[in-house]
Amino acid sequence: MPAPEKIAIIGSGPAGWTAALYAARANLEPVLFEGLPKQTGGYVLPGGQLMLTTEVENYPGYAKGVQGPEMMSDFREQALRFDTRVEPRDVVACDFHKRPLVLTTVNSGGEKQTVDTHAAIIATGATANWLGLENEQRLAISGGGVSACAVCDGALPVFRDQVLVAVGGGDSAMEEASYLTKFASKVYVVHRRNEFRASKIMRQRVLDNPKCEVIWDSVVTEVVGDKQITGVKLKNLKTNEERDLACRGLFVAIGHTPATAFLNGSGVDLDDKGYLMLSAPPRMHTSVAGVFAAGDAADPIYRQAVTAAGMGCQAAMDAERWLAAEGIE
Ligand SMILES: Cc1cc2nc3c(=O)[nH]c(=O)nc-3n(C[C@H](O)[C@H](O)[C@H](O)COP(=O)(O)OP(=O)(O)OC[C@H]3O[C@@H](n4cnc5c(N)ncnc54)[C@H](O)[C@@H]3O)c2cc1C
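Residues numbered from 1 in each chain as written. Predicted model: local features only at pLDDT ≥ 70, side-chain atom pairs only at ≥ 80, totals over all residues.

**Thoughts on the packing of helix H5 (residues 171-180) against helix H6 (residues 200-207)**
Next, step 1: For the pair H5 and H6, the least separation of the axes is 9 Å and the interaxial angle reads 35°. When the axes of H5 and H6 are compared, the crossing they make is left-handed. Of the residues in H6, those in contact with Asp171, Met174, Glu175, Ala177 and Ser178 of H5 are Met202, Arg203, Arg205 and Val206. (Axes fitted to C-alpha atoms, helices over the stretch in contact; angles between N-to-C directions. Helix = DSSP H or I, 4+ residues; strand = E, 2+ residues; numbered from the N terminus. Left-handed = near helix turned anticlockwise from the far one by under 90°. Contact = placed C-beta atoms within 7 Å.)

**Describing the pairing of strand E19 (residues 249-252)**
Next, step 1: Here E19 shows a buried face lined by Gly249 and Phe251 and a second buried face lined by Leu250 and Val252.
Next, step 2: As judged from the two bridges shared by strand E12 (residues 146-147) and E19, these two strands associate in the parallel manner. Each residue of the ladder has a partner; that of Ser147, found in E19, is Phe251.
Next, step 3: With four bridges connecting them, strand E13 (residues 163-167) and E19 associate as parallel partners. Among the inter-strand pairings, Leu164 is bridged to a residue of E19, identified as Gly249. (Buried ≥ 20, exposed ≤ 12 C-beta atoms within 10 Å, placed from the backbone. Pairing = 2+ DSSP bridges.)

**Looking at the environment of Trp216**
Next, step 1: Structurally, the position occupied by Trp216 is in the loop between strand E15 (212-215) and strand E16 (218-225).
Next, step 2: In this structure Trp216 comes out as partly exposed when scored by C-beta crowding, with 16 C-beta atoms within 10 Å.
Next, step 3: Considering only alpha carbons, one finds Trp216 and Glu195, 21 residues apart in sequence, at a separation of 7.5 Å.
Next, step 4: Look past the residues within four positions of Trp216 in its chain and what remains in contact with it is His191 and Asn194.

**Looking at the site of the ligand**
Next, step 1: Around the ligand there are 43 residues in total, and Gly13, Gly35, Gly48, Gly125 and Gly295 lie nearest to it.
Next, step 2: By residue class, the composition of the shell around the ligand is 25 nonpolar, 14 polar and four charged.
Next, step 3: Residue contributions to the shell around the ligand reach at least three from each of two domains, namely domain 1 (5-127 + 256-325) and domain 2 (130-252). (Near = placed C-beta within 6 Å. Nonpolar A, V, L, I, M, F, W, Y, C, P; charged D, E, K, R; others polar. Domains from an automatic or database assignment.)

**Regarding the nonpolar core**
Across soluble globular proteins, nonpolar side chains have a tendency to be buried as a group.
Next, step 1: Ranked by internal contacts, the top residues of the largest apolar core, which has 56 residues, are Ile9, Ala19, Ala23, Ile121, Ala293, Ala294 and Ala315.
Next, step 2: Ranked by residues supplied to this core, first place goes to helix H1 (residues 14-25) with eight residues.
Next, step 3: When sequence neighbours within four positions are dropped, the list of residues in contact with Ala23 reads Ile7, Ile9, Leu28, Pro30, Ala316, Ala319 and Glu320.
Next, step 4: In this structure, Ala148, Phe183, Tyr188 and Val206 belong to the second largest nonpolar core, which totals 34 residues. (Core = buried A, V, L, I, M, F, W, Y, C linked by C-beta atoms within 7 Å.)

**Describing the domain arrangement of the protein**
Next, step 1: Once the domains are mapped, the protein shows domain 1 (5-127 + 256-325) and domain 2 (130-252).
Next, step 2: Using C-alpha coordinates to define each centre, domain 1 is positioned 31 Å away from domain 2.
Next, step 3: Across the boundary between the two partners, domain 1 contributes seven residues, which contact eight residues of domain 2.
Next, step 4: Class assignment of the residues belonging to the side of domain 1 that touches domain 2 gives a composition of two nonpolar, four polar and one charged.

**Section: helix H7 (residues 305-325)**
Next, step 1: Compared with an ideal rise of 1.5 Å per residue, which puts 21 residues at 30 Å, H7 spans 30 Å between its outermost C-alpha atoms and is within 8% of the ideal.
Next, step 2: Along H7, the residues classified as buried are Ala305, Ala308, Ala309, Met311, Gly312, Gln314, Ala315, Ala316, Asp318, Ala319 and Glu320.
Next, step 3: In this structure, the buried residues of H7 make contact with strand E1 (5-10), H1, strand E5 (55-56), strand E10 (112-122) and strand E21 (291-293).
Next, step 4: Looking one or two residues past H7, Gly327 carries a phi angle of roughly 80°, positive in sign. (Expected span 1.5 Å × (residues − 1).)

**A short note on the sheet that holds E15**
Next, step 1: The parallel open sheet is built from five strands, whose spatial order is E12-E19-E13-E14-E15. In this open sheet, the two strands that pair with only one neighbour each are E12 and E15.
Next, step 2: Relative to strand E14 (residues 186-190), E13 runs parallel, the two being bridged by five bridges. Within E14, the position partnered with Val163 by the bridge is Lys186.
Next, step 3: Each of E13, E14, E15 and E19 touches H5; the most contacted strand, E13, lies at about 170° to it.

**Re the sheet that holds strand E18 (residues 242-246)**
Next, step 1: Strand order in the open sheet made by the three strands is E16-E17-E18, with antiparallel pairing throughout. The open sheet terminates on both sides in strands that have one partner only, identified here as E16 and E18. Mean inter-strand twist for the sheet, computed between neighbouring axes without regard to direction, equals 25°.

**Focus on H5**
Next, step 1: Burial analysis of H5 places seven of its ten residues in the buried class, which makes it a mostly covered element.
Next, step 2: Of the residues making up H5, those classed as buried are Ser172, Ala173, Met174, Glu176, Ala177, Ser178 and Leu180.
Next, step 3: Where H5 is buried, its residues contact helix H4 (150-153), E13, E14, H6, E15 and E19.

**Quick look at the pairing of E14**
Residues in a regular strand project their side chains so that they alternate between the two faces of the sheet.
Next, step 1: Burial analysis of E14 places four of its five residues in the buried class, the great majority of the element.
Next, step 2: The β-α-β motif built from E13, the intervening H5 and the parallel element E14 has right-handed crossover chirality.
Next, step 3: Summarising the sheet, E14 and E15 pair through four bridges and their orientation is parallel. When the bridges of E15 are listed, Val190 appears paired with Ile215.
Next, step 4: Since E14 and E15 lie parallel, the crossover through H6 that links them has a hand, and here it is right-handed. (Right-handed = clockwise from strand over helix to strand, strands pointing away.)

This is the structure in structure tokens:
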């Protein structure tokens, strides 16, 4: 039996690579499971959500902006420089009732392998929920005007003084639509029902905003555009009436799904939406001693690369202190 790992990091986005960098520099010889490519409504790639975007303008240190995949390649390179061991595997199940902790992993050929580890950092991120329409993912990945994050993309020049469409009816859709009005000439909010699910204060902010117009009882049925979105087709669910709406941007704000399904039955606490729960914030400890969380998988609020990286740093420092207290160095 090989000796247990000191620390295993699950996930290869900004949170996972930052945790690896800090753990490696603390001589913890981390192993990082970077995940396999897959499609789960949207695409999931090793390297995380930024592999699916073009320009990142708000990550500090890149004064001129950077392409998402290039930034994640930089993160990876920096973690490897300090001897992080990278395994191209998915973690498909965890048993945190045992000591050491047990992770079940699978490679691209479907072969399973279990790994024992004293500590684990879960940094598996989340995926934005998409409408599932043809063209949607293609234009999202190519920077063609489709996005799932107004804070990330709303300020890009391509959206300035343009007509934009936001889809959704919850708090985050209200937040996205309000945020977009800082840049857009007009924001249509398309919602499938005749009232918003969002809290009163959030929905009022949209209803009172002169730049926002709500299109009730309607869904987007088609994303139109070749290199850049030029419009959407809408269908009214009550009347079945269809119409074209010209726009230069589509922001899908129908929620996120944390990538934590593999933790069901593991013993760690998740909230009702599947986000990892922190037992003593701002520390990154979870409900299980030795299991730490970082990034979007534990963050339903901020969901930014810089906050994910910050949480990765915190998780590694918390793990290092916990391991030292357990006499594992
Ligand atoms: C289109 C788009 C554009 C964005 N633009 C910006 C931006 O401009 N600026 C900004 O700050 N933020 C942006 N964001 C948000 C940002 O990408 C996220 O906040 C950030 O990537 C979260 O990092 P993370 O490390 O928590 O998780 P993720 O980036 O989601 O990475 C997690 C990765 O872990 C791996 N993984 C998942 N499950 C497993 C498993 N079971 N086993 C092993 N590996 C697994 C996968 O490879 C997964 O991709 C954008 C997001 C999207 C979708």
